[in-house]
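Topology and contacts: notes
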Amino acid sequence: GEDVEQSLFLSVREGDSSVINCTYTDSSSTYLYWYKQEPGAGLQLLTYIFSNMDMKQDQRLTVLLNKKDKHLSLRIADTQTGDSAIYFCAETGIMDSNYQLIWGAGTKLIIKP
Amino acid sequence: DTGVSQDPRHKITKRGQNVTFRCDPISEHNRLYWYRQTLGQGPEFLTYFQNEAQLEKSRLLSDRFSAERPKGSFSTLEIQRTEQGDSAMYLCASRATLSGENTGELFFGEGSRLTVL
């Protein structure tokens, strides 16, 4: 079946760049998303990329999509303590015919001072 | 509109009791989703509604679970005869129908945490 995989933890120093990786299996993915979950809070959409794009930049965030390898990454430049959270990768298939998002297990980003 | 709200935020109950969670979605969103999340996992899909119609239920949703959205606005998720394995965060999310004008972003509530003793 469809699957999304992520590393469980990433530790970076404050001010460095963080790169969170995700692999997926569904070749019909249309949208790929990055959601952020802070402790005790709901999930919040950080950014997304449409499958016909290979890069998207939004302020400190850069999303790279390698559709051939089914690999998605999220780069956070100049990582701050406020970026501490769990980051979830999710994908959905053909526009609106797949009502479900397929979620990864989340990557916990730990910031070292 | 302040976003998706869920009530209660926390519920502690004894095994065998029934619990009900409520979700108020963003008012113009016609799709409403229930997910369950346990520690170290991503959200697991339970069920979703388009307006008042429940269009799909996950195999995870046993007969003890029932969800309703009677008027196509708020939704309730009831768990009967709770078991310790039901302990989790129950997340509600809503979105507009996916189209060229939107990205299908799901807007999540803060969740209802259930602890079954």
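My aim in this report is to walk through the structure given alongside it, one point at a time. (Residues numbered from 1 in each chain as written. Chains lettered and ligands numbered in written order. Predicted model: local features only at pLDDT ≥ 70, side-chain atom pairs only at ≥ 80, totals over all residues. Heavy atoms only, no water.)

Considering the packing of aromatic side chains
Put simply, the test is: For this analysis, a ring pair means two rings from Phe, Tyr or Trp (six-membered ring only for Trp) whose centres lie within 6.5 Å, classed as stacked if their planes differ by under 30 degrees, edge-to-face if by over 60, and tilted for the remaining angles. In this description a helix means any DSSP run of H or I spanning at least four residues, a strand means any run of E spanning at least two, and both kinds are numbered starting from the N terminus. Whether a residue is buried, partly exposed or exposed follows from its accessible area with a 1.4 Å probe, protein chains only, as a fraction of its type maximum: under 20%, in between, or over 50%, in that order.
Per the counting criterion, the structure on display carries 16 aromatic pairs over all chains. Seen in terms of ring centroids, Phe-88 of chain A and Trp-103 of chain A are 6.2 Å apart; in terms of plane orientation they differ by 80°. Their pairing is edge-to-face. Of the two residues, Phe-88 of chain A sits in strand β9 (residues 85-92) while Trp-103 of chain A sits in strand β10 (residues 102-103), which places them 15 residues apart along the sequence. Each of the two residues, Phe-88 of chain A as well as Trp-103 of chain A, counts as buried. Taking the centre distance of 6.4 Å and the plane angle of 40° together, the rings of Phe-65 of chain B and Tyr-90 of chain B count as tilted. Taken together, the residues span a long stretch of sequence, with Phe-65 of chain B in strand β7 (residues 65-68) and Tyr-90 of chain B in strand β9 (residues 88-95) at a distance of 25 residues.

What to know about the interface of chain B and chain A
Definition in use: The criterion used for residue contact is that any of the two residues' heavy atoms lie within 4.5 Å. Defined here as a combined quantity, buried area equals the accessible surface (1.4 Å probe) lost by two parts on assembly, summed across both. Salt bridge, as applied in this entry: a Lys or Arg side-chain nitrogen positioned within 4 Å of an Asp or Glu carboxyl oxygen. N or O atoms within 3.5 Å of each other form a polar contact, as long as, within protein, one can give a hydrogen and the other can take it, and as long as residues adjacent in sequence are counted only when both atoms are side-chain atoms. Polar here means any residue outside two lists: the nonpolar Ala, Val, Leu, Ile, Met, Phe, Trp, Tyr, Cys and Pro, and the charged Asp, Glu, Lys and Arg; Gly therefore counts as polar.
Facing 25 residues of chain B, the contacting portion of chain A comprises 19 residues. Counting the surface lost from both chain B and chain A, the interface buries some 1800 Å², and carbon and sulfur atoms represent 56% of this. Counting the contacts that link chain B with chain A gives 0 salt bridges. Applying the counting rule to chain B against chain A returns 2 residue pairs in polar contact (both at pLDDT 80 or more). Among the secondary structure elements, those contributing two or more residues to the side of chain B that touches chain A are β4 (31-37), β5 (44-50) and β9 of chain B. Tallying contributions element by element places β4 of chain B first for the side of chain B that touches chain A, with 4 residues. Taken together, the residues that form the side of chain B that touches chain A break down as 9 nonpolar, 10 polar and 6 charged.

Topic: a nonpolar patch on the surface
As a reminder, the rule being used: Patch membership needs two things, relative accessible area over 30% and no salt bridge, and members are linked within 9 Å if like-charged or within 5 Å if nonpolar (Val, Leu, Ile, Met, Phe, Trp, Tyr). To be clear on the numbers: accessible area is Shrake-Rupley with a 1.4 Å probe, and residue cover counts the displayed protein chains and nothing else.
Taken together, the side chains of Leu-8, Phe-9 and Ile-110 of chain A present a nonpolar region at the surface, about 300 Å² in accessible area. Judged by its relative accessible area of 56%, Phe-9 of chain A falls in the exposed class.

Here we look at the sheet that holds strand β3 (residues 19-24) of chain B
Residues and elements named next belong to chain B. Condition: For two strands to count as paired, DSSP must find a minimum of two bridges between them. The axes used here are C-alpha line fits, helices contributing only the stretch in contact, and every angle between their N-to-C directions lies in the interval 0 to 180 degrees.
The antiparallel open sheet is built from 4 strands, whose spatial order is β1-β3-β8-β7. Two strands lie at the open edges of the sheet, namely β1 (5-7) and β7, each paired on one side alone. Recorded for the sheet is a direction-independent mean angle of 15° between the axes of neighbouring strands. In this structure, β1 lies alongside β3, joined through 3 bridges in antiparallel fashion. Bridging across to β3, Ser-5 finds its partner in Asp-24.

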